[in-house]
Amino acid sequence: MEFKKLNAPTLKELFVTELENMILSGKLEIGSKLPSERELATSMQVSRAVVNSGIAEMEAKGFLVVKPRVGTFVEDYRRNGSLSTLMSIMNYNGGMLRKNEIRSILEVRIVLDRLAVELVCKDSSDEEIATLATYVDALRACEDSAQAAELAFTFHHELGFISGNTLLPLFFVSFRNPVISLWIRFCNHYGIEALYDNTATLYEHIKKRDSKNAIAFIESSLGDTINGSREIYR
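Reading guide: rules and limits
Residues numbered from 1 in each chain as written. Predicted model: local features only at pLDDT ≥ 70, side-chain atom pairs only at ≥ 80, totals over all residues. Heavy atoms only, no water. Axes fitted to C-alpha atoms, helices over the stretch in contact; angles between N-to-C directions. Helix = DSSP H or I, 4+ residues; strand = E, 2+ residues; numbered from the N terminus. Parallel < 35°, antiparallel > 145°, perpendicular 65-115°, else oblique. Left-handed = near helix turned anticlockwise from the far one by under 90°. Contact = heavy atoms within 4.5 Å. Nonpolar A, V, L, I, M, F, W, Y, C, P; charged D, E, K, R; others polar. Buried < 20%, exposed > 50% of the residue type's maximum accessible area, 1.4 Å probe, protein only. Salt bridge = Lys/Arg side-chain N within 4 Å of Asp/Glu carboxyl O. Phe/Tyr/Trp six-rings, centres within 6.5 Å; stacked < 30°, edge-to-face > 60°. Lys NZ or Arg CZ within 6 Å of the ring centre and 35° of its normal. Core = buried A, V, L, I, M, F, W, Y, C linked by side-chain atoms within 4.5 Å.

Visitor: Help me understand the packing of helix α6 (residues 99-123) against helix α9 (residues 145-162) in this model?
Guide: Geometrically, a packed helix pair is captured by the angle between its two axes and the distance between the axes. Relative to each other, α6 and α9 sit at 50 degrees, their axes nearing to 8 Å. On the basis of their axis angle, the class for α6 and α9 is oblique. The way α6 lies across α9 gives a crossing that is left-handed. On the side of α6, the interface is formed by Arg 109, Asp 113, Ala 116, Val 117 and Val 120, while α9 contributes His 156, Leu 159, Gly 160 and Ile 162. Residue classes in the contact of α6 with α9 are distributed as 5 nonpolar, 2 polar and 2 charged.

Visitor: How do you make sense of the packing of α9 against helix α12 (residues 192-207) when you look at a structure like this?
Guide: Two elements in contact, α9 and α12, have axes separated by 10 Å at closest approach and are oriented at 15 degrees. Considered as vectors, α9 and α12 are oriented roughly parallel to each other. Handedness of the crossing formed by α9 with α12: left-handed. Within the contact between the two elements, α9 uses Ser 145, Ala 148, Ala 149, Ala 152, Phe 155, His 156 and Leu 159 and α12 uses Ile 192, Leu 195, Thr 199, Leu 202, Tyr 203 and Ile 206. Classifying every residue of the contact of α9 with α12 gives 10 nonpolar, 3 polar and no charged.

Visitor: Whenever I open this one, unusual backbone geometry confuses me. Can you help?
Guide: One can expect most non-glycine residues to show negative phi and most peptide bonds to be in trans. Located in the positive-phi region is Gln 45, a residue other than glycine, with phi close to 55 degrees. For Gln 45, the position within the fold is in the loop between α2 (37-44) and α3 (48-61). You can call Gln 45 exposed: its relative accessible area is 73%. Residues other than glycine seldom take positive phi values, yet Arg 209 does so here, at roughly 60 degrees. Structurally, the position occupied by Arg 209 is in the loop between α12 and α13 (211-227). Looking at Arg 209, the relative accessible area reads 31%, which means it is partly exposed.

Visitor: Any chance you could explain the pattern of salt bridges here in plain terms?
Guide: If charged atoms from side chains of opposite charge come close, those side chains can pair. The full count for this structure, using the stated rule, is 14 salt bridges. Residue Asp 76 pairs with Arg 79 through a salt bridge whose shortest N-O separation is 3.9 Å. Here Arg 114 and Glu 118 are joined by a salt bridge, their closest N and O atoms 3.9 Å apart. Within this pair, Arg 114 and its partner Glu 118 are both found in helix α6, separated by 4 residues, close to a single helical turn. On the accessibility criterion, Arg 114 (30% relative accessible area) is partly exposed. Under the relative-accessibility criterion, Glu 118 is labelled partly exposed at 35%. Taken together, the salt bridges that share partners define one network made up of Lys 12, Glu 20, Glu 57 and Lys 61.

Visitor: What should I look at first to understand the packing of aromatic side chains in this one?
Guide: The geometry of an aromatic ring pair comes down to the distance between the two centres and the angle between the two planes. Scanning all chains against the criterion turns up 2 aromatic pairs. Centre to centre, the rings of Phe 63 and Tyr 77 are 5.3 Å apart; their planes meet at 45 degrees, and the pair counts as tilted. Here Phe 63, found in the loop between α3 and β1 (64-67), pairs with Tyr 77, found in helix α4 (residues 77-80); they are 14 residues apart in sequence, far enough to count as distant. Summarising the burial analysis for this pair, Phe 63 and Tyr 77 share the class buried. Its end group placed over the ring of Tyr 190, Arg 230 keeps NZ or CZ at 6.0 Å from the ring centre.

Visitor: Looking at this structure, how should I read the nonpolar core?
Guide: Buried together is how nonpolar side chains tend to be arranged in soluble globular proteins. Of all hydrophobic cores here, the largest spans 47 residues; its most connected members are Val 117, Leu 195, Leu 202 and Ile 206. The set of elements that each furnish at least two residues to this core consists of α6, α8 (132-140), α9, α10 (168-174), α11 (176-190), α12 and α13. No other element matches the 9 residues that α6 contributes to this core. The next biggest cluster of nonpolar side chains, apart from the first, holds 19 residues, and it includes Val 16, Leu 34, Val 50 and Leu 64.

Put into structure tokens, the structure is as follows:
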């Protein structure tokens, strides 16, 4: 049996994570000015080189903005962030999301799932669509919430892949951790069978290339999860 090599985070990674957490938690408010690099280095007991490179990385992510001869400020990452910013938000607090973040993720999922279904029903081959049945069948026999969530994610990721849109699978992957945690929460509230029923129903619409009813089902089922009979905020 082989064991994976363990890698400790660098000081720069720890510095970036600490500041990101302070920003995302609201301890460092948008628009606030950071202490100087020298003060940060002294306070956090790291070198100025670590602080300098960490600030540069966070500026590239959209969390900070450096104004020459003025100082470093917390940027409005919601307005000026990037995919890297999104990944940091997804990983914040171990993937434990707040209510508004859950709602936002589910709303984005509606958009992504709609596009994937439209493209698959229009352009994908019968053989490509048939590959989705593997995950539906495995989900029906699944008895573990975490495993069921993984299967549901794989189903949707494969849906994005066979759509032919090269970016859709990447978007699905970027939401992987929080989406899986939400599906686990869904299973814990309503049972694995409910997740299977949703996935199987969507698959049946796709298999018939019935994009209209597939999209209507996506909107109604996720709508119930956002603010309906099967919400998962509690």
